[in-house]
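Chain by chain, the residues:
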Amino acid sequence: MVSDSNLWTSTATRRKVLTAVGGSSIAGLAGCSSAQGNADADDDSSDGEQDVADQVIITGPLDGWANYGQLRESFMEKHPGIEWPEGTKNSGQSLNALRNEANNPNHDVAHLGITDGLKAADEELLQPYEPTNLDEVPDGLVDADNRWTTAYFGTIAMAVNTELVDSVPSGFEDLLDETYNDTISFYDPTSAFNGFVAFTNMNLAMGGSLDNYDPGIEYLNELNEMGNIAGVPAQGLQTSFLQGQFPIYIAYDFNMYQAKYQSDMDPDQVEIVIPSELSIQVPYVVGLVDDAPRPEAGKRLVDHHLSDEGQRLFAEAYVNPSRPIEYPDTIAERRLPEEAYSSSDSIDYQKLVEVQNAARERYVNEVA
């Protein structure tokens, strides 16, 4: 089990590392590879390439998620002999697919949210592989047996429509004010992991723990009694925010950056807030499927996620790269300053898996 203290380094700490690295050091680090990584991963002319299949299958996601469309294109340009079809599954569907095909795998690589990644590893659905550049991923972001590694992560944030809200909150405590009547929204914790993490974040911010969701339930009931919660939909929350239906919504920080910079809204109309009390970090991981039918192609695909190019493409989608790379100038200029992420931190995700069903049941039965 990965402990709460070492699963994540804080985003602020990671950025200090990034600042210290500098451009020339980045280039030097990019040439490093782990002892068990694929030494020929970037060289299609290598002798080992003849043993690589002409196709690689990943469980997901769709091209529109986290810049995966460009990630696919760049992979196939680097490896012109390997076709990578678009993924079709979200994290939960990916885990179910791996379970259903455990005795005769069709997929080579799994893309999963952290809790589903932990389940897949525990159920022996993933096999050990140490990809190139793994040594640059911070301690705690990789399975102890190298069955999965973090490709990128998000952290809980708020998006505020400043044309509809007079005062921008600094955190969850501020939302307990009549100023925010009929403004707050987040995904349904019982149907979306994004929503469940937001619920958990509220609980921890209000003094709860993964063993005690009482403070979070009391907090949400108080918001409900005040009339401050505008909606808790199962899906479509960002669209509703863009349409002005929900003045404040709580989800991942990359959702907020996309709303601010990749929509028809005026960027000045969207304020992004990292909650001052706590902002839970949420990893997305990739791993080589156990008994994968095309393992060498799968290894190259995992390598590509951690390559300089792959990490840069993730950054361009406003997700946080797992390696300390240098952000593209445009993205660096748009991101919140380092100090805004000082509250961004880890929790014990193995424990979260264990309490998830019970916490969701309590939400259904006890939240007004």
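Here the structure is a predicted model, which is why all the values come from computation and not from measurement.

Within the protein, the regular secondary structure consists of 12 helices and 10 strands. In the protein, of all internal contacts separated by at least 6 residues, the share reaching a separation of at least 24 is 77%. As displayed, the protein offers around 14900 Å² of accessible surface, 41% of which is attributable to carbon and sulfur atoms.

All right, on to a negative patch on the surface then. A cluster of acidic residues, Glu173, Asp174, Asp177, Glu178, Glu222 and Glu225, forms a negative patch on the protein surface. Structurally, Asp177 is set in the loop between β3 (149-161) and β4 (184-186).

When its volume is computed, the largest pocket comes out at roughly 1000 Å³. Where the lining of the largest pocket is concerned, the elements lending two or more residues are α3 (91-100), β1 (109-113), α4 (114-122), α5 (193-205), α7 (237-242), α8 (253-261), β8 (279-289) and α12 (349-366). It is α4 that contributes the most residues to the lining of the largest pocket, four residues altogether. Across the lining of the largest pocket, the residue classes tally to 12 nonpolar, 19 polar and four charged.

Attention now goes to the pattern of salt bridges. In total, this model carries 14 salt bridges according to the counting rule given. One salt bridge connects Lys119 with Asp116, and the closest N-O pair in it is separated by 4.0 Å. Here Lys119 pairs with Asp116, and both are found in helix α4, just three residues apart, close to one helical turn. Classification of Lys119 as partly exposed rests on a relative accessible area of 24%. For Arg300, the salt bridge goes to Glu296, with nearest N and O atoms at 3.9 Å.

Turning our attention to the packing of aromatic side chains. For the coordinates displayed, the defined rule picks out 17 aromatic pairs. Seen in terms of ring centroids, Phe75 and Trp84 are 5.7 Å apart; in terms of plane orientation they differ by 90°. Their pairing is edge-to-face. Taking the relative accessible area as the measure of exposure, Phe75 reaches 0% and is therefore buried. Look at Tyr261 and Tyr318: their rings are 6.0 Å apart centre to centre, the planes differ by 20°, and that puts the pair in the stacked class.

Of all the 13 residues making up β3, 13 are buried; the element is thus mostly covered by neighbouring parts of the structure. As paired strands, β3 and strand β9 (residues 320-321) are joined by two bridges and run antiparallel to one another. Paired with Phe153 across the bridge in β9 is Asn320. By the bridge criterion, four bridges tie β3 to strand β7 (residues 270-273) in an arrangement that is antiparallel. Following the sheet pairing, Val160 is matched in β7 by Glu271.

You can see Gly236 is positioned in the loop between β5 (229-231) and α7. Look at Gly236 and you get partly exposed, because its relative accessible area is 36%. It is 8.7 Å that separates the C-alpha atoms of Gly236 and Tyr187, two residues lying 49 residues apart in sequence.

A few words now on the packing of α4 against α12. One can describe the packing of α4 onto α12 by two numbers: an axis separation of 9 Å at closest approach and a directional angle of 90°. In terms of orientation, α4 lies roughly perpendicular with respect to α12. Residues Ile114, Thr115, Leu118, Lys119 and Asp122 of α4 form the contact with α12, whose own contacting residues are Tyr349, Gln350, Leu352, Val353 and Gln356. Split into classes, the residues belonging to the contact of α4 with α12 amount to five nonpolar, three polar and two charged.

Let us look at the nonpolar core. In this structure, Tyr68, Phe172, Leu175, Tyr213, Leu220, Ile250 and Ile280 are the most contacted members of the largest nonpolar core, which totals 97 residues. For this core, the leading source of residues is α5, giving eight residues. Beyond its immediate stretch of four places on either side in the chain, Tyr213 contacts Phe196, Phe199, Thr200, Asn203, Leu352, Val355, Ala359 and Arg362. Core analysis: the next-biggest nonpolar cluster, separate from the first, contains five residues, Leu134, Leu141, Val142 and Leu306 among them.

Moving on: helix α10 (residues 308-316). Along α10, the positions that sit buried rather than exposed are Gly310, Gln311, Leu313, Phe314 and Ala315. Packed against the buried residues of α10 are α2 (68-78), β3, α9 (295-306), β9 and α11 (329-334). Once α10 ends, the next one or two residues include Tyr318, with phi positive near 70°.

Rules used throughout
Residues numbered from 1 in each chain as written. Predicted model: local features only at pLDDT ≥ 70, side-chain atom pairs only at ≥ 80, totals over all residues. Heavy atoms only, no water. Helix = DSSP H or I, 4+ residues; strand = E, 2+ residues; numbered from the N terminus. Contact = heavy atoms within 4.5 Å. Areas by Shrake-Rupley, 256 points an atom, 1.4 Å probe, with all protein chains shown as cover. Patch = residues over 30% accessible without salt bridge, like charges linked within 9 Å, V, L, I, M, F, W, Y side chains within 5 Å. Salt bridge = Lys/Arg side-chain N within 4 Å of Asp/Glu carboxyl O. Lys, Arg positive; Asp, Glu negative; His and termini not counted. Charge placed at Lys NZ, Arg CZ, Asp CG, Glu CD. 1 Å grid on protein atoms, 1.4 Å probe; cavity = no way out; pocket = protein on both sides within 12 Å on 5 of 7 lines; lining within 4 Å. Points joined across faces, edges and corners; volume = space filled by probe spheres on them. Nonpolar A, V, L, I, M, F, W, Y, C, P; charged D, E, K, R; others polar. Buried < 20%, exposed > 50% of the residue type's maximum accessible area, 1.4 Å probe, protein only. Phe/Tyr/Trp six-rings, centres within 6.5 Å; stacked < 30°, edge-to-face > 60°. Pairing = 2+ DSSP bridges. Axes fitted to C-alpha atoms, helices over the stretch in contact; angles between N-to-C directions. Parallel < 35°, antiparallel > 145°, perpendicular 65-115°, else oblique. Core = buried A, V, L, I, M, F, W, Y, C linked by side-chain atoms within 4.5 Å.

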